[in-house]
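# Examination of the molecular architecture
Listed here are the chains, written in short residue letters.
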Amino acid sequence: MILAAIGAVLAVGGAWLLSLGGSPYYLVAGLGLVAAGVLLVRLRLVGVWVYSAIFVATLAWALWEAGLNGWALVPRIVGPYVLLLLVLACAPALTPQRGPRRAALALFGAATLVVAGIFGASALGGGGATAAPSGGAPVSGEVAGADWPAYGGTYGAQRYSTLAQITPDNAGKLKRAWLIHTGDLPASETARKTYGAETTPLKVDDTLYLCTPKNILIALDPQTGATRWRFDPKVPDANIPYTAACRGVTYYAVPGAAPGQACATRIIEGTLDARLIAVDARTGRPCADFGFGGQVDTAQGIGQHVPGMFSITSAPTIVRGVVVTGHQVLDGQKRDAPSGVIQGYDAVTGKLRWAWDMARPDRTGAPPPGETYTRSTPNMWTTATGDEALGLVYLPLGNSAVDYWSSLRSPLENAHSTSLVALDVTTGKKVWSFQAVRKDVWDYDLGSQATLVDYPTAGGVVPAVILPSKQGDLYVLDRRTGAPITGVEERPVPQGGVEPHQRSKTQPFSLFHTLRKADLTEARMWGMSPIDQMICRIQFRRAAYKGFYTPPETTQRYIEYPGYNGGSDWGGIAIDPARGVIVANYNDMPNYNRLVPRAEADKKGWAPRGEERGGSLKKGAEGAGDPQIGAPYAIDVNAGWRLPGTGLLCKEPPYGGIRAIDLKTGRTLWDRPIGTARTNGPFGIPSHLPLRIGTPNNGGAVVTAGGVIFIAATTDNLIRAIDLKTGKTLWSDVLPAGGQATPMTYEAGGRQYLVIMAGGHHFMETPIGDALVAYALPR
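Predicted model only: the values in this text are computed from it and were never measured.

Strand pairing in a sheet takes place through backbone hydrogen bonds and is either antiparallel or parallel in direction. Reading across from one edge, E12-E13-E15-E16 is the order of the 4 strands in this open sheet, with antiparallel pairing throughout. Sheet topology places strand E12 (317–319) and strand E16 (352–356) at the edges, where each strand pairs with a single neighbour. Across the sheet, the axes of successive neighbouring strands diverge by a mean angle of 25 degrees, strand direction being ignored.

Counted according to the given criterion, the structure contains 5 cavities of 30 Å³ or more. Of the volumes computed, that of the largest cavity is approximately 400 Å³. Looking at side-chain class alone, the lining of the largest cavity contains 7 nonpolar, 9 polar and 11 charged residues. In this structure, the second largest cavity occupies an estimated 100 Å³ of space. Around the second largest cavity sit 16 residues that line it, and Val-329, Leu-330, Asp-331, Ser-400 and Ala-401 are the ones nearest its centre. Among the residues making up the lining of the second largest cavity, the classes are represented as 6 nonpolar, 7 polar and 3 charged.

A few words on the pattern of salt bridges. This model, assessed by the stated rule, comprises 34 salt bridges. Its salt-bridge partner being Glu-371, residue Arg-363 comes within 3.2 Å of it at the nearest N-O pair. Owing to a relative accessible area of 24%, Arg-363 belongs among the partly exposed residues under this scheme. Among the residues examined, Glu-371 registers a relative accessible area of 37% and is labelled partly exposed. Through salt bridges with shared partners, a single network forms among Glu-65, Arg-76, Glu-522, Arg-537 and Arg-541.

Each value, and the rule that gives it
Residues numbered from 1 in each chain as written. Predicted model: local features only at pLDDT ≥ 70, side-chain atom pairs only at ≥ 80, totals over all residues. Heavy atoms only, no water. Pairing = 2+ DSSP bridges. Helix = DSSP H or I, 4+ residues; strand = E, 2+ residues; numbered from the N terminus. Axes fitted to C-alpha atoms, helices over the stretch in contact; angles between N-to-C directions. 1 Å grid on protein atoms, 1.4 Å probe; cavity = no way out; pocket = protein on both sides within 12 Å on 5 of 7 lines; lining within 4 Å. Points joined across faces, edges and corners; volume = space filled by probe spheres on them. Nonpolar A, V, L, I, M, F, W, Y, C, P; charged D, E, K, R; others polar. Salt bridge = Lys/Arg side-chain N within 4 Å of Asp/Glu carboxyl O. Buried < 20%, exposed > 50% of the residue type's maximum accessible area, 1.4 Å probe, protein only.

Next up, the structure:
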């Protein structure tokens, strides 16, 4: 009866799928299961052979459609195999004859050997081939070594350290050296649904500096983790934007300051309530000479905004004594959103040196009384990159408000949205810009900090900036001019959608490298069983999907692939310049979206920040019911494209990976899924399986001269050491909470330390915590 019921579900769903132009397998298999089930109910031995024939045909179909892709074979083979065992177990009860019993036993043995052989040959969760890099160049210029003085190691953001004490030979011996708790944990269940620490500490001289999700500054002894001082700016919960996050702080030594002078060295951070705060690096006391009592209100001139709409979540960047900061403007709320203005402040006095309002390029200061910076313009919520020699700061910009509707944007907004912009840090004037997406309606804002590198070309070394993107492309640009050093090609992209007149006919595609995989097909739909895989296939066939850059739709769901989490997100890339290798972790998931007409969104009660019913903080994934007030449509994003109920993702694994890329040529050296299934499973129940499935990941990697990559980021709550040469995992440890942060490494007392913030992340659904963990080799 169970067999017949499963068959009926497959037959009905299979007929629906076939009517949509999908695979006929589910209808045929479903009818066969119904027939086998009816025969077994009637105690007919032939039912065993009917199902056995279906299983053999299923094996053949699975191998034809998926090849030896282990994870793709799971829903096609595992469930049918379990049913085969149950069906064959019925054979002794259906006949007294030994022959059929022996045949059933032989079939069981053969099926088991075949299935085991298939999954063995598929190397479930395995990697691929490796290649050697073309070679690097001598490390020159500013580089991290004993210290980690900036968020990306340096303001050039290579996330590379010259330390080499930890190597592939001894990384497996790493042990916890110390662990501290910051004490910054959510005070309520509502706040718990917004926390995500994302913090990368700094290490300068004999002190470690970090910030907590709500901007508490802490200084620690780098050898023991003992607290030296704390400063709490008292940020209210109401100012938490989508995520309570402080990715990092900034260190500044005042030129010419006398030894022992107050705030001769200072820590500067941006807060969730949009303040810049400067404290003495030795004592944690506010710097009296910076702004008013050690703080500056960066929201001056912004105009009306409710708490949480205008925040600083990333570390400021300091170039030539100017503190450069952007802001996170909460996505998806309303067209009349705060400005995306970029501001430069004096690192000593806190005085506003300039403000770049892209819609008013002739104005470099604060707006006059009665006016505001131009509202709704693209913002920079991530971290800028600084070039002290050229005096330039590189800004990865996001999108205009709102993300999924473009008809109301101005020409200057369209020119700068989803672009890397270089400003002269002394004047705040634009020097050049490079746009990665034309008229972005996919929320492909540039979340990764760009990385500076001396790029080898046939004509010699060129000062370059490498820009990762959420759509997966890596662009290599001359950082003096913004001109592409490697090829960028304009290619035709899908047209149509709700704003056909707005869609660009072409988009820029990098010829250097892309982390993006091939377009989705029905065969790449997934599940833990044939039934949920069939449901995902039906959803695929019902959705609008024309491939990469499918335009938004309202009458049906549309598929956005890659989704807004990347490709490359805020973790960015790491570069080993000596070996000539780029290390990039990436996500490989689609979003399942629909533009929701205004009347329907109003009926659902979707309202912007500050007007919510009950005034609660935003819950759920970004874009899941964002109102987009001022546009004719709200947006409903199914992030990762999950099935209701089980919570499983509709696309087959892997969902994330890590890749080594040749710096000179852009070719892949190795590519591995990263993250196991130990904390993942249907209905949110951890499977505890150590199988490498390739999980979603947020946070970046660090690479060292010792030839080791350090990375956490994944949803299995592990931190790993990976061999740079082969991609093999050398060591891992279970963190006390999710590791959605970029680690850092430094030397203290003759030992190399690895430090990671285990704070968890609400979007990644990892455990929330407040632990900072340090590792080192045994003494």
